[in-house]
Every structure is written in C-alpha cells, then in structure tokens.
2 protein chains.
Amino acid sequence: MSSGAVHKRPSIHDVANHAGVSAATVSKVMHGVSTVKPENVQRVFEAVERLGYRADPLASDLRRAKRRIIGAILPEFESEFFGSMVTHLERLAELRGYTLVAASSGESEEREAEILRRMQDWRVAGVVLAPVRDEHGRGGELMQAHGMTGVMIDRVLSDESFDTVSADSMSASAEVARELIGRGHRHVLVVGLGEQGACVRARLEGFRRTAEALDPKVQIDVILCESDVEPLRASIRDYFSRGERPTAVFSLFLKGTLVALSEFRRRGWHCPDDISLVGFDDAEWMSVTWPTIAAVVQPVDQIAAQAMDMLFRRIDGETGPPTARLERCQLLVRESVGAPSSGPHPGGGAGQ
Amino acid sequence: MSSGAVHKRPSIHDVANHAGVSAATVSKVMHGVSTVKPENVQRVFEAVERLGYRADPLASDLRRAKRRIIGAILPEFESEFFGSMVTHLERLAELRGYTLVAASSGESEEREAEILRRMQDWRVAGVVLAPVRDEHGRGGELMQAHGMTGVMIDRVLSDESFDTVSADSMSASAEVARELIGRGHRHVLVVGLGEQGACVRARLEGFRRTAEALDPKVQIDVILCESDVEPLRASIRDYFSRGERPTAVFSLFLKGTLVALSEFRRRGWHCPDDISLVGFDDAEWMSVTWPTIAAVVQPVDQIAAQAMDMLFRRIDGETGPPTARLERCQLLVRESVGAPSSGPHPGGGAGQ
DNA sequence: AACTATTGATAAATCGATTTTTCAATGCTG
DNA sequence: CAGCATTGAAAAATCGATTTATCAATAGTT
C-alpha cells in the first residue's frame, strides 16, 4: 500500500531533534528520571507522540548489562502440558518487561545443548530448562559450565547448582496407590518412559512404597522403556500376550496412557470393567471420551510461577543455595478407575 | 562451580587482538570473504577456537539491514495443531539461520495487535500471523499500516495485501459431505466457532453445497457461536433438548468436537450407534479412544513449509501480487462415523 | 624509473540505545 | 562579590558487531 513513509522508524535521535533536546535527555524522560525540567519532559512526550517513537529493544539491550530476554527450552510443544507451560512463561516474562524466546529440544540432548549454546549467544538474562533427561543431564552441565542463570523444571527433583521446580510426583503417585489399593486392586502394571530419570524413579517409588505399605502382598509389574514410544508399546503387548492380567494400569506419562488405551482397544478390553487405568498428565479429551480417563493433574500454572519467581530472583542477584520446590498435584478420579473385575478377562489369563 | 573466568564472553575485538589483526578482518573471515590472506584466516580461526568465540546476534542484527528474527503469532499453544505448527516454524526458521520468536494472542485481537507492535519494535524480518479472526481482522491492517513483511495462515482464505496459506477447508468439507451422505445421513448438525470468519464460511459452504448437490432434501442445521466454547455448549444442549435428532454431527473445529462428544456423553448416546461424529482437526487421542473419532487432518507441515517459503521470498525482496495457497487435507474416517441409526434415539442411555 | 592498479588490511562510521563525563548556568554562602 | 555546590543538559563513550572509506605495500605498465 501507498505511503513509503512508514518504512523507517524514528530513532531516539529523531525524537531528540524534534524536541530540541539531546538523545540522553530523551532516554532519561523515557525512564522517568526526575532530573529533567518539566518543560522538556513535555516536549519530549510530544515528540514521542507525534513521531510514534518506541525504543528498539535490540539496541537498548545491547547497551544494558542484562538483556531482557528469557529463554525457555522444552522437550516439545505438541502436548497440552508444555503448550500451556509456554503460555504461562510467556505471560510471566512479559509481566516483567521481558521477552520469552522458546525453543523445543525434540527430546534430544544434542539439540538441547545446541539451543543452550544459542541462548548463550543471545546472552539471555535467564533460562527455564525442562531437560530432556533430568537434572543431571547435559543441559545442566552446560548451563553451569558457562555460568548461565537458570531454573530447571518438570523432569527434575533437586540439583546442587540450580533451582528446580516440579510436580510432587512422589505424593501424587502415593495417592494413586491409595486409590487403587483402596478399590481392591492387588496386581498393577506400571508403565513409563525414561528409565534412568530421577523423576520416573520418584513416581515409581512413590507408588510402590505406598502400595506395599497398604498391602505387602500386592504385585507390581513395571515396564519402562528408554525414550521411544514404540518399544514401550511392544513391551506392553508382549506382557499381555504372556497372559499377565493386572487389574489396573498406572502410566507415568501421557504417552504411556495413550499406548495403554490403544492396547486395551486392540484386545477389546473396556475400562473400567475389564481393567482400570490412571495416568500422569491430564488432557482436555480425557473428560470427554467414553469412559473418561482418570489422571494426575500437574499444576502447570504454579510450576511456571514458581520457576519464574526463582529465576528473576537469581537474575536480580539473589545468592544462596539452590532451592528445590515440589508443587502439589491433583488426582482426578474418573470413570476409567473402578473395582477389579470379578472374573478373568476374556481371552484367557488369570483373574485376581 | 568455581572459575568466574567464564562470565565475560570474548568479543570480536578480543579475537582480533589474539590473532593480531583488526576486527574487520575477523568479521570477514567469519563470513567467508575471500580477500583475506590464508595465513590470517588461519590465525583468526585459531583465535576463535582458543577463545570459543561466537558472534553476538544482537550486535550483528543491530548493524545489519534485516534482522534475522521471524515472529510467529498464534491464537494459542495448547493444541496439537498450533503446537506442531510452532515446532515446524521453529525448524524452518533455524534452517535459514533465523531465530523464531513465538507469541500467543490468546484468541484476543487486542493482544494480537499488541504483540504485532512489539514484533515491530524488534524490527523482525517477517511475521507469520495466524489471526484470531481472519484475514480482514486487525492484525492484517496493522501489518499493512506499518509496512511489515508477513504471511497469514490458518484462518484465512486470501488477502489483497499478504500471502496466505491455509488448509483447503472447502474441499475437505465437501469430502466429509460425500462421506456422510454416502452413508445415508440426511439430517446433519454442523457446529463451529467464529461465525463471521471467512474460513468458517468456507467449511460450512463446502459441506452444504456438496451435501445438497448429492441430495437436495438433506436437512442441515447449523450452530455457530462467536468465540467462546460455553455458549456453543449451551446452544447444542438446547438444540438437543428441543428434540432435534440429527443422525450425524460435523464439527468445524476441535473444540466443537470435544463439546459434541461431551454432550453425547451427557445423554448417554454412543458413536456411531446413536449418532455419527466427524470434525476438523485430528488429535493423537482420537485414534486411541473408544470409539476412535473421525477427523479432517490438516497438513501442518505443508502449511508451515509453504508459509515460510513465501515469507522468505518476500524478505528476499520478491514483489508481485500476494498469493493464496490452499493445502490439501486428509479425511480419516474412523469408528465414530457409521450409518444412521435405524430408529429415533432413546430418550435416555443406550446400552453398549 | 615513474605512475597506476591491485591486493589486503586497518581505521572509522554506523546501527540505536544507555551510561558516564563534562560543562554551563544558577543558587547559596560568607 | 568571589567561591563553591547544585541543577539540568549536552557531549562523548560504550555495547559488539558490520560496512565503508582509507591507506600501505606490492604488482604491473610504459
């Protein structure tokens, strides 16, 4: 469209000329410094108004000691959990006048490392890292080696170098155990990804300890796969094929819940009549399908808020030992959890 | 960890000093300019290596004519569709040495406008805008008024100022119509959000025209709500309460599919025995639940690729009239679609 | 041998802000 | 009224790169 007048934006010097003052004065006015004559303040505001001046954040950040950019590194963007995490982080960064630059590591530690390097190039003020593995992975090492300011979230428990914020996996798993044992389940399959992660161990142990405390004779089978979903699916399929017949499945991750559901489908089992299902991570569809799926809801908003809070404290120079926060989860018991089925599943196998 | 040596990163001048050349020479070497003595190239490389030098993108972008930043503005991050869109855009930007800065408008045109202003402050090279409303909303106006370079995606058809890329909604809807009519449905409820959007009209008309061409006596009811989900839910509930008994529901958006499903649940209707369901937008869970849900899959990868392709062409100075691309969708017919039920729906729950 | 081209590199200007330093004008004190 | 402190603003340095202008040393011409 017509007027090419728009193409060059006014700089602080243009404003200064228009107002008949120096660039330094304009800068002061923009930052509300009080040592400027009221008359000049007026003229600067008028010039700003007339020219539609807005400061270039690149230029101002270049000069400043700390850049007003926060980097966020998450394993992926496709899930509701991380999607909503980005939304929260974005809002919280903005609230403080910072820009959030989010990147996805695609569940790869190499990419995670590369992104961290790039964030360091940008000299971001701080990083929110949801590591691919856990707090002892490459990401943390790199952040530390380069003296970056950061917080780790989600797949972490605690770290000796960085603040961490995550869901209280252990308590949540314990609650799941109470729920399942309470309903009479005595044979439970636990499925999950990332066998070596501290977070997975916490979820598993939280469940196991509570379950065994409630009934020492409970049988807990565990299927963990390294990272990919398909091997997990294969293992679960194999497990059921061997004739194993748990009365409930507890999934430590959303993907596991999906895999379990699809394996139930394959075998024509229905929840909760044939088998019960509960998993970590809630999703919108879970309250809509038939049956509705029970889930552990992680407090995304609180995790994000706490993480940003800690991060900005560190950015503002707070020292002291790293803190490790655990945010309380909520167990939503839905239709997919019931009492153990009375008889053996169709297709053979033993009952309870 | 110990050494505070890490805290100040080397600048191009440090490299220059180390190599015994000038900063300009270092810059040339970094950009592969050939007019540098091989010996000096060596020394610069060595200095870069020893110091671990990496250019500061802020500083280099400040000087450059075009900044290597692409802005992406999407209505939200929580859905698989936009989540995966961000992932693709991120990768495509990176591939060309650009950084993607994504922001969510939260379905608000005010926020969309504010983000655009901020992106303009950053002087991004280009913007990928998935407008809250459609190509005639405030976002497009602003981009144009400020002479920004951009592409619009998703809720658009074509525009006289910007290139657009979106799913071929009309063809996809036509295919849905063929499928439903072909199976014998003669009374279909279409639900959706955003009544005034061109994209909604295309989806609706694509369906209506094809359906009526196949059988002029088909009854098509339509429930559209402005933007919020809850009014839509109320309308649908009211519609069914009035005794309307379509044999199939076609949802124009993912949210609509969820609302429809939950309303079916409320009434104890099962797909596809009591009513068939098909909707725009696929999601991972749809192939896992019971029944599996039929969906129109939008080619996110192609939309992203085409959008970035067009955008970079414009950034590189290509002129000419804006193009409007439509990418082909795929209809995944799953269990939620069947033949119309033989009789009227039971007033209460149906058995399985 | 003198003069022009060419080559390769450096110095300086620039991007658009912030921050520090300098400086002029005014006010106050004795 | 001289001397000093205060106030307010301009000038200059800075951030870390890129780009342009300038310059010295060599090569090539006649």
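Computed from a predicted model, the values in this text were never measured in an experiment. (Residues numbered from 1 in each chain as written. Chains lettered and ligands numbered in written order. Predicted model: local features only at pLDDT ≥ 70, side-chain atom pairs only at ≥ 80, totals over all residues.)

1. Re the pairing of strand β3 (residues 126-129) of chain B
Residue and element names in this part refer to chain B. The alternating pattern of β3 places G126 and V128 on one face and V127 and L129 on the opposite face, and all of these are buried. The pairing of strand β1 (residues 69-74) with β3 spans 4 bridges and is classified as parallel. By the bridge assignment, I73 is partnered in β3 with L129. One ladder, built from 3 bridges, connects β3 with strand β4 (residues 150-153); its direction is parallel. Bridge pairing in β4 places L129 opposite M152. A crossover connection joins β3 to the parallel β4 through helix α7 (residues 138-145); in handedness this β-α-β unit is right-handed. (Buried ≥ 20, exposed ≤ 12 C-beta atoms within 10 Å, placed from the backbone. Helix = DSSP H or I, 4+ residues; strand = E, 2+ residues; numbered from the N terminus. Pairing = 2+ DSSP bridges. Right-handed = clockwise from strand over helix to strand, strands pointing away.)

2. Some remarks on the protein's contact with DNA strand C
As a structural note, the neighbourhood of DNA strand C is formed by 23 residues, with A:S11, A:I12, A:S27, B:S22 and B:K37 the closest of them. For the surface near DNA strand C, the class distribution of residues is 11 nonpolar, 7 polar and 5 charged. (Near = placed C-beta within 6 Å. Nonpolar A, V, L, I, M, F, W, Y, C, P; charged D, E, K, R; others polar.)

3. Here's the deal with the sheet that holds strand β5 (residues 163-167) of chain A
Residue and element names in this part refer to chain A. Taken in spatial order, the 6 strands make up an open sheet running β2-β1-β3-β4-β5-β11, and their pairing is parallel. One side of each edge strand has no neighbouring strand; the edge strands of this open sheet are β2 (99-104) and β11 (324-327). Going from strand to strand, the sheet's axes swing by 15° on average, the running direction of each strand aside. (Axes fitted to C-alpha atoms, helices over the stretch in contact; angles between N-to-C directions.)

4. Here we look at the UniProt feature "domain: HTH lacI-type" (unreviewed entry) in chain A
The UniProt record annotates "domain: HTH lacI-type" (unreviewed entry) at residues 10-64 of chain A. Note that residues 10-64 of chain A is 67% helix and 0% strand, and that its end C-alpha atoms are spaced 21 Å apart. (UniProt positions renumbered as here; feature names shortened; annotations may be inferred.)

5. A word on the protein's contact with DNA strand D
Around DNA strand D, a shell composed of 23 residues is seen, among which A:S22, A:A24, A:K37, B:S11 and B:S27 lie nearest. Looking at the surface near DNA strand D, the elements with two or more residues in it are α2 (23-30) and α4 (57-63) of chain A together with α2 (23-30) and α4 (57-63) of chain B. Residue composition of the surface near DNA strand D, by class: 11 nonpolar, 7 polar and 5 charged.

6. Section: the sheet that holds β3(B)
What holds strands together in a sheet is hydrogen bonding between their backbones, with the strands either parallel or antiparallel. Residues and elements named next belong to chain B. Judged by pairing direction, the sheet is parallel, and its 6 strands sit side by side in the order β2-β1-β3-β4-β5-β11 without closing on themselves. Strand pairing shows two members of the sheet lacking a second neighbour, β2 (99-104) and β11 (324-327), which therefore form its edges. The mean angle between the axes of side-by-side strands here comes to 15°, regardless of whether they run parallel or antiparallel. Alignment of β4 against strand β5 (residues 163-167), held across 3 bridges, turns out to be parallel.

7. Some points on the confidence of the model for chain A
Residue and element names in this part refer to chain A. Scored by pLDDT, chain A comes out at a mean of 93, with 94% of its residues at no less than 70. Overall, residues 1-5 carries pLDDT values under 50, and its contacts beyond four positions in sequence, including any with other chains, amount to 2 contacts. Low pLDDT, under 50, characterises residues 343-352; the stretch is placed with 18 contacts to residues that sit more than four places away or in other chains. (pLDDT = per-residue confidence, 0-100. Contact = placed C-beta atoms within 7 Å.)

8. Focus on the relation of the copies chain A and chain B
Superposing chain A onto chain B requires a rotation of 180° together with a translation of 0.0 Å along the rotation axis, leaving an RMSD of 0.0 Å. Seen this way, the second copy is the image of the first under a two-fold rotation axis. Relative to the rotation axis, the C-alpha of A:V101 is the closest in chain A, positioned 2.7 Å from it. When the interface residues of chain A are mapped onto chain B, 100% of them again lie at the interface, so the same face is used by both copies. (Least-squares fit on C-alpha atoms with pLDDT ≥ 70 in both.)

9. Points about the domain arrangement of chain A
Residue and element names in this part refer to chain A. The assigned domain composition of chain A is domain 1 (4-55), domain 2 (69-166 + 300-326) and domain 3 (169-297). The distance between the C-alpha centroids of domain 2 and domain 3 comes to 29 Å. On the domain 3 side, the residues contacting the 11 residues of domain 2 number 9 residues. Its residues assigned to classes, the side of domain 2 that touches domain 3 comprises 3 nonpolar, 2 polar and 6 charged. (Domains from an automatic or database assignment.)

10. Points about the interface of chain A and chain B
The partner chain B presents 40 residues to the 40 residues of chain A that form the contact. Every element with two or more residues in the side of chain A that touches chain B is listed here: α4, α5 (80-95), β2 and α11 (254-267) of chain A. Residue contributions to the side of chain A that touches chain B peak at 6 residues, all from α5(A). When the residues that make up the side of chain A that touches chain B are grouped by side-chain class, the tally is 18 nonpolar, 12 polar and 10 charged.

11. Here we look at helix α6 (residues 109-121) of chain B
Residue and element names in this part refer to chain B. Taking 1.5 Å of rise per residue, 13 residues should cover 18 Å, and α6 covers 18 Å from first to last C-alpha, within 8% of that figure. Three or more residues of α6 are buried, namely E112, I115, L116 and M119. Viewed end-on, α6 has its buried residues packed into an arc of 105°, placing them on one side of the element. On its buried face, α6 is in contact with β1, β2, β3 and α7. (Expected span 1.5 Å × (residues − 1). Arc of directions from axis to C-beta.)

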